[in-house]
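The residues making up each chain are set out below.
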Amino acid sequence: MATTVTSKGQVTIPKAVRDRLGIKPGHAVDFRVEPDGKVVLLKVGGKGSTDPFQKWVGIAGPGPSTDEIMEMSRGEP
């Protein structure tokens, strides 16, 4: 799997590699240069974001609209 280096020195980790290593947004990675010149990408630790609420984002499903919430808070029928 090849990827292109940007002008800022950045590369995109291919999806197959991210999936295989379980790398998600917020995860840290490390690079190790082997004596033979190979570079190894390592996932650091198992924790993602340090935000304790991040694991709850997007799991509630659809809820009432803003108008419905306003009606409920005002006691409107």
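Enquirer: For this particular structure, what's the right way to read the overall build of the chain?
Expert: A tally of helices and strands in the chain yields 2 helices and 2 strands. The order of helices and strands in the chain, counted from the N terminus, is α-β-β-α. Looking at the chain as a whole, 3% of its 77 residues qualify as buried. Long-range pairs, those at least 24 residues apart, make up 5% of the contacts in the chain between residues at least 6 apart in sequence. Of the roughly 6900 Å² of accessible surface on the chain, a fraction of 57% belongs to carbon and sulfur atoms.

Enquirer: What is the right way to read the environment of valine 39 from this model?
Expert: Residue position: valine 39 is located in strand β2 (residues 39-44). Look at valine 39 and you get exposed, because its relative accessible area is 55%. Here valine 39 is in contact with Phe31, Arg32 and Val33, once residues within four sequence places are set aside.

Enquirer: Any chance you could explain helix α2 (residues 66-74) here in plain terms?
Expert: Residues lying three or four places apart along an α-helix face the same way, a consequence of the helix completing one turn every 3.6 residues. By the criterion of burial, α2 is predominantly exposed, with just 0 of the 9 residues buried. Phi for glycine 75, located one or two positions after α2, is positive at around 75°.

Enquirer: What am I meant to see in the pairing of β2 here?
Expert: The two faces of a sheet get side chains in turn, since along a regular strand they alternate between them. As defined by bridge partners, strand β1 (residues 28-33) adjoins β2 across 6 bridges and the pair is classed as antiparallel. Each residue of the ladder has a partner; that of valine 33, found in β2, is valine 39. Hairpin connection, β1 to β2: the antiparallel pair is bridged by 5 residues, and glycine 37 has positive phi, about 95°.

Enquirer: For this particular structure, what's the right way to read the side chain of histidine 27?
Expert: For histidine 27, the position within the fold is in the loop between α1 (15-21) and β1. Residue classification places histidine 27 among the buried positions, given a relative accessible area of 19%. There is a polar contact of 3.2 Å between the side chain of histidine 27 and the backbone oxygen of glycine 22. Within polar-contact distance, the side chain of histidine 27 engages the backbone nitrogen of lysine 24 at 2.8 Å.

Enquirer: What exactly am I supposed to notice about the pattern of salt bridges here?
Expert: As a working rule, side chains carrying opposite charge can pair if their charged atoms are close by. Scanning the model with the defined rule gives 2 salt bridges in all. The partner of lysine 15 in a salt bridge is aspartate 19, and the shortest N-O contact between them spans 2.8 Å. Of this pair, lysine 15 and aspartate 19 both sit in helix α1, separated by 4 residues, roughly a single helical turn. Look at aspartate 19 and you get partly exposed, because its relative accessible area is 47%. Arginine 32 is the partner of glutamate 34 in a salt bridge, and the nearest nitrogen-oxygen pair spans 2.5 Å. Residue glutamate 34 is classed as partly exposed on the basis of its relative accessible area, which comes to 24%. Overall, the relative accessible area of 40% leaves arginine 32 in the partly exposed class.

Conventions and cut-offs
- Position labels on residues start from 1 in each chain and follow its written sequence.
- Thresholds applied to this predicted model are a pLDDT of at least 70 for local features of residues and 80 or more for the giving and counting of side-chain atom pairs; totals over whole chains, interfaces and linings are not thresholded and use all residues.
- Note: side-chain values were computed over all heavy atoms of the structure, leaving out hydrogens and water.
- Numbering goes from the N terminus for both helices and strands, where a helix is a DSSP run of H or I of at least four residues and a strand is a run of E of at least two.
- The buried label goes to any residue with under 20% of its type's maximum accessible area, the exposed label to any with over 50%, and the partly exposed label to all in between, with areas taken from a 1.4 Å probe on protein chains only.
- In what follows, a contact means two residues having at least one pair of non-hydrogen atoms within 4.5 Å.
- Only the protein chains shown count as covering a residue, and every accessible area follows the Shrake-Rupley method with a 1.4 Å probe.
- For two strands to be treated as a pair, DSSP must find no fewer than two bridges joining them.
- Here a polar contact means two N or O atoms within 3.5 Å. Within protein one must be a hydrogen donor candidate and the other an acceptor candidate, and residues neighboring in sequence count only if both atoms are side-chain atoms.
- Each reported salt bridge corresponds to a side-chain nitrogen of Lys or Arg within 4 Å of a carboxyl oxygen of Asp or Glu.

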